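Below, each chain spelled out in residue letters.
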Amino acid sequence: MLAYSYRLIAPIYDLVVARALDAARRTSLESIPRTGELDILVAGIGTGLDLPHLPACHRYVGTDLVAAMMQPARARAASLHCAFVRADSMRLPFAAASFDWALLHLIVAVVPRPAEVLAEAARVIRPGGRLLVMDKFLQPNKAAPLRRLLSPLVGRLATRLDVVFEDTLAQVPGLRVVSDRPVLASGWFRSIVLEKSSI
């Protein structure tokens, strides 16, 4: 159902999302090193709105379940070393420890099982590697009755509204929080950097 929805949404996605989230996106992406040559997974790359803000020194692999979403991303990747793979972020087709970083912008709260996206990203990054997550998350123990009420319907069409990041993280061992900062909507959207244990 979600893949079908995003095929329909793809032509108007940028009109709805680009301007509203651009500042939050840029703030979050400041966490990515500006030097070096890292292998970075961009899971749920969508239309590639992150791409203009990424350092050109790294090597990227962008994945998305919906081919129509990735079409605009290919044009936005012209100045980057970026490959594209059609894939489900909950079942990535990469070997363990294939990447130094994983970028998870607006994907953890979109999928039906957020912990699986986080676990897959953790699997494919190297020990000591980092995950950069930016999405909408409820604060622990916050009632948010309207968001919770709407989430089952909205989650089938576009994105969940009821994900508590701390609950999701608790299901994925071996990750520690390096930083966690609000980037939009009074902290509903957060940019979180995680590090994978090197043990």
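Just so you know, these numbers come straight off a predicted model, no measurement behind them.

Novice: Describe the sheet that holds strand β7 (residues 189–196), and please don't skip the residues or the numbers.
Specialist: One open sheet accounts for seven strands, arranged β3-β2-β1-β4-β5-β7-β6; its pairing is mixed. The open sheet has two free edges, formed respectively by β3 (81–86) and β6 (175–184), since each of these has just one partner strand. Each adjacent strand pair in this sheet contributes to an overall mean axis angle of 15°, direction not counted. Sitting on the sheet, helix α2 (residues 13–29) touches β4 (99–105), β5 (125–136), β6 and β7, and the angle it makes with β6 is about 145°. Where helix α3 (residues 67–76) meets the sheet, it contacts β2 (59–64) and β3, and its direction lies at approximately 170° from that of β3.

Novice: Tell me about the pairing of β6, residues and numbers included.
Specialist: Bridge count between β6 and β7: eight bridges; the pairing is antiparallel. Bridging across to β7, Val-177 finds its partner in Leu-194. What sits between the antiparallel neighbours β6 and β7 is a turn of four residues, in which Ala-185 has the positive phi angle 55°.

Novice: Can you explain the side chain of Ser-191? Please cite residues and give values.
Specialist: Of note, Ser-191 is situated in strand β7. Engagement of the side chain of Ser-191 in a polar contact is seen with the side chain of Ser-28, the distance being 2.8 Å. Look past the residues within four positions of Ser-191 in its chain and what remains in contact with it is Ser-28, Leu-132, Val-133, Met-134, Ser-179, Asp-180, Arg-181 and Val-183.

Novice: Go over the nonpolar core with me, naming the residues and quoting the values.
Specialist: By size, the foremost hydrophobic cluster in this structure holds 30 residues, and its most contacted members are Leu-104, Leu-118, Leu-131, Val-133 and Leu-194. Excluding its chain neighbours within four sequence positions, the residues that come into contact with Leu-118 are Leu-104, Leu-131, Val-133, Phe-165, Thr-168, Leu-169, Val-172, Leu-175 and Leu-194. Among the nonpolar cores identified, the runner-up in size contains 20 residues, and Tyr-6, Ala-10, Val-17 and Val-183 belong to it.

Novice: How would you explain the side chain of Arg-190 if you had to name every residue and give the values?
Specialist: Tracing the backbone shows Arg-190 in strand β7. Arg-190 sits in the buried class, given a relative accessible area of 3%. A polar atom in the side chain of Arg-190 sits 2.6 Å from the side chain of Asp-180.

Novice: Give me the lowdown on a nonpolar patch on the surface, citing residues and values where you can.
Specialist: A grouping of Met-1, Leu-153 and Leu-157 is seen on the molecular surface, where their side chains present a nonpolar patch of about 310 Å² in accessible area. Looking at the element boundaries, Leu-153 is found in helix α5 (residues 145–157).

Novice: An account of the state of the cysteines is requested, with residue identities and associated values reported.
Specialist: Applying the stated criterion to the full structure yields zero disulfides. Left without a disulfide partner, Cys-82 is nearest to the cysteine sulfur of Cys-57, which lies 14 Å away. You can call Cys-82 buried: its relative accessible area is 18%.

Novice: Pulling in residues and values, what's your account of the packing of helix α1 (residues 2–9) against α5?
Specialist: The relative placement of two packed helices comes down to the angle between their axes together with the axis-to-axis distance. Put simply, α1 and α5 touch, their axes get as near as 7 Å, and they point 65° apart. Classified by the angle between their axes, α1 and α5 sit roughly perpendicular to one another. Contacts between α1 and α5 pair Leu-2, Ser-5, Tyr-6 and Ile-9 from the former with Gly-155, Arg-156 and Leu-157 from the latter. Grouping the constituent residues of the contact of α1 with α5 by class yields four nonpolar, two polar and one charged.

Rules of the game
- Residues numbered from 1 in each chain as written.
- Predicted model: local features only at pLDDT ≥ 70, side-chain atom pairs only at ≥ 80, totals over all residues.
- Heavy atoms only, no water.
- Pairing = 2+ DSSP bridges.
- Helix = DSSP H or I, 4+ residues; strand = E, 2+ residues; numbered from the N terminus.
- Axes fitted to C-alpha atoms, helices over the stretch in contact; angles between N-to-C directions.
- Contact = heavy atoms within 4.5 Å.
- Polar contact = N/O pair within 3.5 Å; in protein donor to acceptor, adjacent residues only side chain to side chain.
- Core = buried A, V, L, I, M, F, W, Y, C linked by side-chain atoms within 4.5 Å.
- Buried < 20%, exposed > 50% of the residue type's maximum accessible area, 1.4 Å probe, protein only.
- Patch = residues over 30% accessible without salt bridge, like charges linked within 9 Å, V, L, I, M, F, W, Y side chains within 5 Å.
- Areas by Shrake-Rupley, 256 points an atom, 1.4 Å probe, with all protein chains shown as cover.
- Salt bridge = Lys/Arg side-chain N within 4 Å of Asp/Glu carboxyl O.
- Disulfide = S-S within 2.5 Å.
- Parallel < 35°, antiparallel > 145°, perpendicular 65-115°, else oblique.
- Nonpolar A, V, L, I, M, F, W, Y, C, P; charged D, E, K, R; others polar.

The values are spatial; any link to function lies outside them.
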